[in-house]
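# Secondary and tertiary structure notes
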Amino acid sequence: MSNVRLSAFADEASPFISGQIEALKRNGISLLEIRGVDNVNISKISAEKAREIRKQLDDGGISVRSMGSPIGKVALDGDFDEHIEKFKRILEYADILGASRIRLFSFFPAEGEDRKASLEKVIERLDRFCELTPDHIILCHENEKNIFGENTESCLAIHKALPKIKAVFDPANFIQCGVNTLEAWSVLRDYVDYIHIKDALADGTVVPAGEGLGNIPCILTDYVSRGGSVMTLEPHLKVFSGLSELENGESVKTGVKVYASNDEAFDAACSALNSILKRIGEKS
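The rules we used
Residues numbered from 1 in each chain as written. Predicted model: local features only at pLDDT ≥ 70, side-chain atom pairs only at ≥ 80, totals over all residues. Heavy atoms only, no water. Helix = DSSP H or I, 4+ residues; strand = E, 2+ residues; numbered from the N terminus. Buried < 20%, exposed > 50% of the residue type's maximum accessible area, 1.4 Å probe, protein only. Contact = heavy atoms within 4.5 Å. Areas by Shrake-Rupley, 256 points an atom, 1.4 Å probe, with all protein chains shown as cover. Lys, Arg positive; Asp, Glu negative; His and termini not counted. Charge placed at Lys NZ, Arg CZ, Asp CG, Glu CD. Salt bridge = Lys/Arg side-chain N within 4 Å of Asp/Glu carboxyl O. Pairing = 2+ DSSP bridges. Right-handed = clockwise from strand over helix to strand, strands pointing away. Core = buried A, V, L, I, M, F, W, Y, C linked by side-chain atoms within 4.5 Å. Expected span 1.5 Å × (residues − 1). Arc of directions from axis to C-beta. Axes fitted to C-alpha atoms, helices over the stretch in contact; angles between N-to-C directions. Phe/Tyr/Trp six-rings, centres within 6.5 Å; stacked < 30°, edge-to-face > 60°.

### Concerning the overall build of the protein chain
Along the backbone of the protein chain there are 10 helices and 12 strands. When burial is assessed residue by residue, the protein chain has 54% of its 284 residues classed as buried. When contacts within the protein chain are restricted to residue pairs at least 6 apart in sequence, long-range pairs at least 24 apart make up 75% of them. On the protein chain, roughly 12,100 Å² of surface is accessible, and the fraction owed to carbon and sulfur atoms is 47%. Measuring between centres, the 34 positive side-chain charges of the protein chain sit 4 Å from its 44 negative side-chain charges.

### Re the pattern of salt bridges
Applying the stated criterion to the full structure yields 20 salt bridges. Close ionic contact of Asp11 with Arg35 constitutes a salt bridge, the shortest N to O distance being 2.9 Å. Of this pair, Asp11 sits in the loop between strand E1 (5-8) and helix H1 (17-26) while Arg35 sits in the loop between strand E2 (31-34) and strand E3 (36-37); the two residues are 24 residues apart in sequence, bridging distant segments of the chain. When sorted by exposure, Asp11 lands in the same class as Arg35, which is buried. Among the salt bridges present, the one from Lys73 reaches Glu144, with a minimum N-O distance of 3.8 Å. With a gap of 71 residues between them, Lys73 in the loop between strand E5 (63-67) and helix H3 (80-97) and Glu144 in the loop between strand E7 (138-142) and helix H5 (152-161) connect regions that are remote in the sequence. There is no split in this pair, since Lys73 and Glu144 are both buried.

### A short note on the pairing of strand E6 (residues 101-104)
Burial of the side chains of E6 extends over both faces: Arg101 and Arg103 are buried on one face and Ile102 and Leu104 on the other. Bridge count between E5 and E6: 2 bridges; the pairing is parallel. Residue pairing across strands places Ser66 opposite Arg101, the latter belonging to E6. Chirality of the crossover, the property in question, places the unit of E6, helix H4 (residues 115-132) and E7 among those that are right-handed.

### A word on the environment of Ile137
Positionally, Ile137 belongs in the loop between H4 and E7. Residue classification places Ile137 among the buried residues on the basis of a relative accessible area of 4%. Sequence separation of Ile137 and Ser66 is 71 residues, and the distance between their C-alpha atoms is 9.4 Å. Leave out the neighbours within four places in its chain, and Ile137 touches Leu91, Ala94, Asp95, Ala99, Ser100, Arg101 and Ile102.

### A look at the nonpolar core
Core analysis: the largest hydrophobic core is formed by 82 residues, its most contacted members being Met67, Phe129 and Leu220. For this core, the element with the highest residue contribution is H3, accounting for 9 residues. With residues near it in sequence (within four places) discarded, Phe129 still touches Ile71, Phe80, His83, Ile84, Phe87, Leu104, Phe107 and Leu139.

### Points about helix H2 (residues 47-60)
If you check H2, its first and last C-alpha atoms are 20 Å apart, about what 14 residues at 1.5 Å a residue would give, namely 20 Å. Every buried residue of H2 is accounted for by Ala47, Ala50, Ile53, Leu57 and Gly60. What you see down the axis of H2 is that its buried residues fit within an arc of 135 degrees, all on one side. Among the exposed residues of H2, those oriented more than 90 degrees off its buried face are Glu48, Lys55 and Asp59. Among the structural elements, H1, E2, E3, E5 and H3 are those in contact with the buried residues of H2.

### Regarding the sheet that holds E1
Around the barrel, 8 strands lie side by side as E1-E2-E5-E6-E7-E8-E9-E12; this closed barrel has parallel pairing. Strand-to-strand twist across the sheet, computed as the mean angle between neighbouring axes with direction ignored, equals 30 degrees. For strand E8 (residues 166-169) and strand E9 (residues 192-197), the ladder comprises 3 bridges, and the chain directions are parallel. Bridge pairing links Ala167 to Val192 in E9.

### Thoughts on the packing of aromatic side chains
Per the counting criterion, the structure on display carries 7 aromatic pairs. Ring geometry for Phe80 and Phe129: centres 5.6 Å apart, planes at 50 degrees, overall tilted. Of this pair, Phe80 sits in helix H3 while Phe129 sits in helix H4, and the two are 49 residues apart along the sequence. Between the aromatic rings of Phe87 and Phe129, the centroid separation amounts to 4.6 Å while the plane-to-plane angle is 35 degrees, which identifies the pairing as tilted. One end of the pair, Phe87, is in helix H3; the other, Phe129, is in helix H4, and 42 residues separate them in sequence.

Next comes the structure, spelled out in structure tokens:
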């Protein structure tokens, strides 16, 4: 489909930026949602390292579209001043890398805290991020299990309160929270900036796109018909460097098939998505 551009979390193919570039080019993908580079989370590198990465990506013909940051994936009652400083670094690196989006989350609520009280704090903190963000960068909130915005209702409350923040729609994450993805899509689609391509079974096991309960073909058909053009592949089909940190040490069900390597798992995820896009294109 000529109007669709694919992005990917290529750190699932390789922890090294050189291997990520190879995996992206091998699969005809020109955009990167950058998260882990050379075994380090993007939030923990230096400005000098960011400039080195930018040169490697430019030389490889790869552009960074989004910063796959960990912003907001911390306790709501934690040290927010420290987190603000991390966010400022992400903003700096986004400009160095040429990213137009920053993916973020809506915090882990304090245990036992009332949802209304949590919402007020979440909005206050997210609004602070908005105040610091220049107009050329779009903040995108991802639904994620255990954070405040893990279900349709909570995500909707965030987007209504803060229209400047767009949505990253992740089908697998909704499945893992017991949310019907078609119902969530019908409510949130007007707020969606882009989609994470990740599918899952009822027990939370991640599978290639189209093999789970994510209703990905149906959602992508509607997304594209409404002018959506960019989607980020997030395979999660095999354990990769940094996965445990991303999941806060929780065990992750990464698929029913055993892949010989991370490259093989990444390529399989690309193939599954391309098959879906081909079928959508044939019907349009």
